[in-house]
Amino acid sequence: MSGFPVVRMRRLRQNRTIRDMLTEVTLEPRHLILPLFVCPGEGVRAPVPSFPGVSHWSADMLREVVEPAIQSGVRAFLLFGLPTYKDEDGTSAFDDGQPVQRALRFLRESYPDAVLIADACMCEYTSHGHCGCLSPDGSVDNDATLELLSKVAVSQAKAGAHVIAPSDMMDGRVGAIRAALDGEGFSGIGIMSYAAKQASAFYGPFRDAAGSSPGFGDRKGYQLPCSNPREIVRDALMDADEGADILIVKPAVPYLDIAAKLRARTDLPLAGYVVSGEYMLLHSAIASGSLERARGLLEYHTAVRRAGCGLVITYFATELAGLLG
Ligand code: PBG
């Protein structure tokens, strides 16, 4: 009695109301996190040519992008920064006068209900563009980088971040950041780690926007190999063991299998990051007329939720929230 013609699945889809009633997975504005690129100066809103729809904002101008987001229902923001100077060790990442720290203070004061997440990585701040400082042999020095990242996290927490999001992919960074935050009295500040962050070709527009391309080599010595699902899951679960509060899967849709695997292995909240290259895929398909804008965006981002991600980080956050409103 378990098959056709006794069972007819279409009974459950016979009209819009019954389909609505049976909806299993939803995408809602409260699930969305909007990334922002903050730059030095005042009165700056500079569109990024290779990343249409995305701009650099000076802290004082952030209202122009944050206000419409909040009006649509977006409540969380992920901050990236363009510093005024770069050096070998990326020390501007923990300089209190730099754009991320300034933006955090501004947003914390102006939008007390917003959740502020600060990306903690060295690549925007190092002269060589790698996600950590270098050993004499030119490789990224894991343990020395942990000390830098710890300073970044503490500086961001002091400036008002609610959550620190380390994206460097060094071993042990979550534990090191947790210890540093706790040691400075920030035990209430969360860590959303880029736990399953692949060495991906889909970060191109972001690296233009963040000015963070590696000056030599690539990031394969620290980011994860897309071919190795067991290694990816194992590495991500280490972040959970070290005290991460939320795990990120990134890119999102090409790696939904990873999200589903992690969903089965941990009860931590997951976030899927629809990265800049995914944004451009969607943007180009829409621009060429081959993808219907609203339906395409909703389907794409709902898939991230279906795979098990409670949260979705996306440059489309404001638009999506408007569609869902
Ligand atoms: C920095 C970082 C990257 C992204 C977020 N944080 C790029 C990289 O690893 O080079 C990519 C985000 C995107 O493409 O939207 N480590």
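Asker: Is there a simple way to think about helix α2 (residues 63-72) in this case?
Answerer: Residue pairs spaced three or four apart in an α-helix point in one direction, given the helix's 3.6 residues per turn. Regarding α2, the residues found buried are Val-65, Val-66, Ala-69 and Ser-72. Down the axis, α2 shows its buried residues gathered within 130 degrees of arc, on one side only. Contacts made by the buried residues of α2 are with β1 (32-39), β3 (55-58), β4 (76-81), α3 (99-110) and α11 (317-324). After α2 finishes, the residue Gly-73 shows a positive phi value of roughly 115 degrees.

Asker: Even after reading the chapter, I still don't get empty space enclosed by the protein, so can you show me in this structure?
Answerer: Sizing a probe to match a water molecule and rolling it over the atoms shows the empty space that remains. Under the defined criterion, the tally for this structure stands at two cavities of 30 Å³ or more. Computed from the structure, the largest cavity encloses a volume of approximately 100 Å³. Taken together, 15 residues make up the lining of the largest cavity; nearest its centre are Cys-123, Ser-167, Lys-197, Phe-206 and Lys-250. When residues of the lining of the largest cavity are traced back to their parent elements, those giving at least two are β7 (190-197) and α6 (204-210).

Asker: Teacher, can you tell me more about the site of the ligand here?
Answerer: Neighbouring residues of the ligand: 18 residues in total, closest Arg-207, Gln-223, Lys-250, Ser-276 and Tyr-315. Taking Arg-219, its side chain carries an N or O atom lying 2.9 Å from an oxygen atom of the ligand. Contacts to the ligand include Tyr-315, whose side-chain N or O atom sits 2.5 Å from an oxygen atom. For the ligand, the accessible surface in isolation is 400 Å², of which the surrounding protein chains cover 100%. Most atoms of the ligand, that is more than half of them, are within 2 Å of grid points of the largest cavity. In terms of residue class, the shell around the ligand is made up of 10 nonpolar, three polar and five charged.

Asker: Whenever I open this one, unusual backbone geometry confuses me. Can you help?
Answerer: The general pattern is negative phi for most residues beyond glycine and trans for most peptide bonds. Here the residue pair Phe-4 and Pro-5 is connected by a cis peptide bond, since its omega of 10 degrees sits within 30 degrees of zero. If you trace the backbone, Pro-5 turns up in the segment before α1 (16-21). The omega torsion of the bond from Lys-250 to Pro-251 falls at -15 degrees, within 30 degrees of zero and hence cis. Although it is not a glycine, Met-169 adopts a positive phi angle of roughly 70 degrees. For Met-169, the location among the structural elements is in the loop between β6 (163-166) and α5 (173-183). The exposure class assigned to Met-169 is buried, which follows from its relative accessible area of 6%.

Conventions we followed
- Residues numbered from 1 in each chain as written.
- Predicted model: local features only at pLDDT ≥ 70, side-chain atom pairs only at ≥ 80, totals over all residues.
- Heavy atoms only, no water.
- Buried < 20%, exposed > 50% of the residue type's maximum accessible area, 1.4 Å probe, protein only.
- Helix = DSSP H or I, 4+ residues; strand = E, 2+ residues; numbered from the N terminus.
- Arc of directions from axis to C-beta.
- Contact = heavy atoms within 4.5 Å.
- 1 Å grid on protein atoms, 1.4 Å probe; cavity = no way out; pocket = protein on both sides within 12 Å on 5 of 7 lines; lining within 4 Å.
- Points joined across faces, edges and corners; volume = space filled by probe spheres on them.
- Near = heavy atom within 4 Å.
- Polar contact = N/O pair within 3.5 Å; in protein donor to acceptor, adjacent residues only side chain to side chain.
- Areas by Shrake-Rupley, 256 points an atom, 1.4 Å probe, with all protein chains shown as cover.
- Sits in = over half its atoms within 2 Å of the grid points.
- Nonpolar A, V, L, I, M, F, W, Y, C, P; charged D, E, K, R; others polar.

All quantities given are derived from atomic positions and should not be read as evidence of function.
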